[in-house]
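# Residue-level structural notes
Here are the chains, one letter per residue:
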Amino acid sequence: MANKTLKSTTFVIFGAGGDLSTRKILPAIYKLVESKKLSKFCIIGLARTDRKFNDIIKEAKKHIKTSKKDQAKAKKIWEKIEQRSTYLSLDFNTESGYQQLKETIHKLESRYNKTKNRLFYLATLPTQYQNITKYLTKYQIATKSSIKFSRIAYEKPFGTDQITAKKINKCINKVFHEKLVYRIDHYLGKELVSNMALLRFTNRVLEPLWSNKHIEKVDIVMTEKLDIGKRGNFYDNYGALKDVVQNHLLQLVALTAMEQPKKLEAKYIRDQKVKVLQKTKIQSMQLGQYNKFTKVKGVKKNSKTDTFAALKLTINNSRWRGVPFNIKTGKALNKKETYIDIKFKHIPCLLQSCPRETNHLRINIKDPNITLKINSKLPGTKNQVIPISLKFSENLHFDQNSPKAYENLIEQIIQGDQSAFVRSDEVEASWKIIDAAIKKHKGKLLTYKKGSTGPKVPK
Ligand SMILES: NC(=O)c1ccc[n+]([C@@H]2O[C@H](COP(=O)([O-])OP(=O)(O)OC[C@H]3O[C@@H](n4cnc5c(N)ncnc54)[C@H](OP(=O)(O)O)[C@@H]3O)[C@@H](O)[C@H]2O)c1
């Protein structure tokens, strides 16, 4: 992304003391200040606990690596952030705190951001989204204006099912125009994910092959070595299906399968993604839970929450009919991997010993790279073929300091670009798929050992 100076912004972070804020949001703001994209700003951090903003900065600092020679520069940046920030302890669900919030914002903005552009970032639970949205407009903290912006960002998961997502959307759309709403799925901020549309629609060697005529199957995998850690309470109410498949993985399906948008702009991309989601059905599903999950603090002793999910999806349209989209995700597995693997069909072969392998295109999102596996002659032999890999590695070709997902996303919100954010109808369509899958799922919960490859999933 071009090094563009961003408009001055007031960040109002709900859940400022939490894991997401200290690990991702504040470090992203730090990076935007460091790169000089963001110079005029202020931050109001909100959460329950009585603390100072400096306590939050202390946590956030741990997530910015600084070499010895850059320490003085880093210190200055953190001092600038601290000087322009304040913390307020309030209960998001209690109306009385919002008048104080309004006054606090005014005070800080009179010194640091006279434009009053505001970004409200809800890094908290979806059960609080409706109250926060309501009170922000009731107290005229988020206002409609053509000269300044009030934009509101909601973290994922957005709701717990289609009904709750619809309720939250209804509440939001009563007070905020959809153009001001940014539903975050941080996967859409990752370089190779945002590259997906460009990769498909700017390459003659790919797009004509992108259909059931040439593709045998698509595998989309996102596995983690990490277990639930300290998030037992939260995770036990969601599980892998709702925490990962509903958002990240269905978004990857939509980006892989969508038709070409009229233009590479938010409206057209989102129109195409939602069409795919509306045609997506779950053919089969296996859910699993790792051993000792029920011993984690915050998890119910008899919990049936899934920490692993494997699904076979079908997309009922002329491009994809007959191509399985296999999806897998899980916690506490033996490998951390995130990729999309496109397996092409066999071609009629003229050789005596035909290659067993077909072509594969793997878009590796974790260590960003793209690999195309093709067949080539084994040197010195007569017409014998072996698979070889053509690899593009992002870190080798581009600046290794290219922006991380949250930095990209915050920058895009300030610029008013919604293409990497999820629209209300997309969220509702993906919950519909998950709700139907849960209703249909009669299979038992498979168990697997921590650190293993996961439960045995029937083919
Ligand atoms: N962590 C991640 O990597 C990650 C990634 C993607 C999405 N998300 C989503 O982001 C949201 C936040 O996640 P998190 O991991 O940061 O959670 P967290 O560590 O539990 O933090 C939650 C924050 O919200 C505050 N809070 C909760 N209820 C409140 C209330 N009624 N009034 C005022 N403050 C309240 C907490 O206050 P105290 O600090 O005072 O306790 C804390 O600061 C969740 O929806 C999660 O699914 C998280």
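Going by the structure above, here's the rest.
Report follows, based on the coordinates. Just so it is clear, the structure is predicted and the values come from calculations on it, not from any experiment.

Reading the values: the criteria
- Residues numbered from 1 in each chain as written.
- Predicted model: local features only at pLDDT ≥ 70, side-chain atom pairs only at ≥ 80, totals over all residues.
- Heavy atoms only, no water.
- Axes fitted to C-alpha atoms, helices over the stretch in contact; angles between N-to-C directions.
- Helix = DSSP H or I, 4+ residues; strand = E, 2+ residues; numbered from the N terminus.
- Parallel < 35°, antiparallel > 145°, perpendicular 65-115°, else oblique.
- Left-handed = near helix turned anticlockwise from the far one by under 90°.
- Contact = heavy atoms within 4.5 Å.
- Nonpolar A, V, L, I, M, F, W, Y, C, P; charged D, E, K, R; others polar.
- Pairing = 2+ DSSP bridges.
- Buried < 20%, exposed > 50% of the residue type's maximum accessible area, 1.4 Å probe, protein only.
- Core = buried A, V, L, I, M, F, W, Y, C linked by side-chain atoms within 4.5 Å.
- Domains from an automatic or database assignment.
- Near = heavy atom within 4 Å.
- Polar contact = N/O pair within 3.5 Å; in protein donor to acceptor, adjacent residues only side chain to side chain.
- Areas by Shrake-Rupley, 256 points an atom, 1.4 Å probe, with all protein chains shown as cover.
- Phe/Tyr/Trp six-rings, centres within 6.5 Å; stacked < 30°, edge-to-face > 60°.
- Lys NZ or Arg CZ within 6 Å of the ring centre and 35° of its normal.

This paragraph deals with the packing of helix H10 (residues 240–257) against helix H14 (residues 424–440). Geometrically, a packed helix pair is captured by the angle between its two axes and the distance between the axes. Relative to each other, H10 and H14 sit at 130°, their axes nearing to 10 Å. With respect to H14, the axis of H10 lies oblique. Where H10 crosses over H14, the handedness of that crossing is right-handed. Taken together, the residues of H14 that come into contact with H10 (itself represented by Leu241, Lys242, Val245, Gln246, Leu250 and Gln251) are Glu426, Val427, Ser430, Trp431, Ile433, Ile434 and Ile438. In terms of residue class, the contact of H10 with H14 is built from eight nonpolar, three polar and two charged.

The next thing to look at is the sheet that holds strand S1 (residues 9–14). Strand order in this open sheet of six strands is S3-S2-S1-S4-S5-S6, and the pairing throughout is parallel. Looking at which strands have only one partner, the edges of the open sheet turn out to be strand S3 (85–89) and strand S6 (181–183). Within the sheet, the average angular offset between the axes of one strand and its neighbour, ignoring direction, is 15°. As defined by bridge partners, strand S2 (residues 41–47) adjoins S3 across five bridges and the pair is classed as parallel. The residue of S3 that forms the bridge with Ile43 is Ser85.

Moving on: the pairing of strand S12 (residues 360–364). Most of S12 is tucked away, with four of its five residues classed as buried. Taken together, the five bridges between S12 and strand S13 (residues 369–377) define a ladder with antiparallel strand orientation. Across the sheet, the residue bridging to Asn364 is Asn369, located in S13. Between the end of S12 and the start of S13, which pair antiparallel, lie four residues.

Right, let's talk about the nonpolar core for a bit. Phe11, Phe14, Ile29, Tyr98, Leu101 and Ile410 are the most contacted members of the largest nonpolar core, which has 137 residues in total. A total of 11 residues in this core trace back to one element, the largest contributor, which is H10. Split by domain, this core shows at least three residues from each of two domains, domain 1 (9–155) and domain 2 (188–404 + 422–448). Those residues in contact with Phe14 that lie beyond four places of it in its chain are Leu46, Phe92, Tyr98, Leu101, Phe120, Tyr121, Leu122, Ala123, Thr124, Ile132 and Leu136.

Taken together, 23 residues form the shell around the ligand, and within it Asp19, Leu20, Arg23, Thr49 and Thr124 come nearest. Note that an oxygen atom of the ligand is positioned 2.5 Å from one of the side-chain N or O atoms of Thr49. For the ligand, the accessible surface in isolation is 880 Å², of which the surrounding protein chains cover 83%. Among the elements that take part in the shell around the ligand, helix H1 (residues 19–34) stands out by supplying three residues, more than any other. Split by residue class, the shell around the ligand holds eight nonpolar, seven polar and eight charged.

For helix H5 (residues 129–138), the tally of buried residues reaches seven of 10 residues, placing the bulk of the element in the interior. Buried within H5 we find Tyr129, Asn131, Ile132, Thr133, Tyr135, Leu136 and Thr137. Once H5 ends, the next one or two residues include Gln140, with phi positive near 50°.

Attention now moves to the environment of Val221. Topologically, Val221 is positioned in strand S7 (residues 215–223). Put simply, Val221 and Ala165 are 56 residues apart on the chain and 25 Å apart in space, counted from C-alpha to C-alpha. Here Val221 is in contact with Lys328, Glu337, Thr338 and Tyr339, once residues within four sequence places are set aside.

This paragraph deals with the packing of aromatic side chains. Using the criterion set out here, one finds 14 aromatic pairs in the structure. Each member of the aromatic cluster is reached from another via a ring pair, and the members are Tyr235, Tyr290, Phe293, Phe308 and Tyr448. A cation over a ring is seen here: Arg362 above Tyr339, with NZ or CZ 3.6 Å from the ring centre.

Of all nine residues that make up S7, seven are buried, and the element is covered over most of its length. In the sheet, S7 pairs with strand S11 (residues 337–344) via eight bridges, with the strands oriented antiparallel. Directly across from Val218, in S11, lies its bridge partner Ile342. Bridge analysis of S7 against strand S10 (residues 325–330) gives six bridges, and the strand direction is parallel. Of the residues in S10, the one forming a bridge with Val221 is Lys328.

Structurally, the position occupied by Asn408 is in helix H13 (residues 405–415). Here the side chain of Asn408 touches Gly189 through a polar contact of 2.9 Å, landing on its backbone oxygen.

So, on to the sheet that holds S13. Strands sit in the order S14-S13-S12-S11-S7-S10-S9-S8-S15 across an open sheet of nine strands; the sheet is mixed. Edge positions in the open sheet fall to strand S14 (385–393) and strand S15 (446–448), since each of these has one partner strand only. Adjacent strand axes in the sheet meet at a mean angle of 20°, parallel and antiparallel pairs treated alike. The strands touched by helix H11 (residues 266–279) are strand S8 (280–290) and strand S9 (308–315); relative to S8, the strand with the most contacts, the crossing angle is about 80°.

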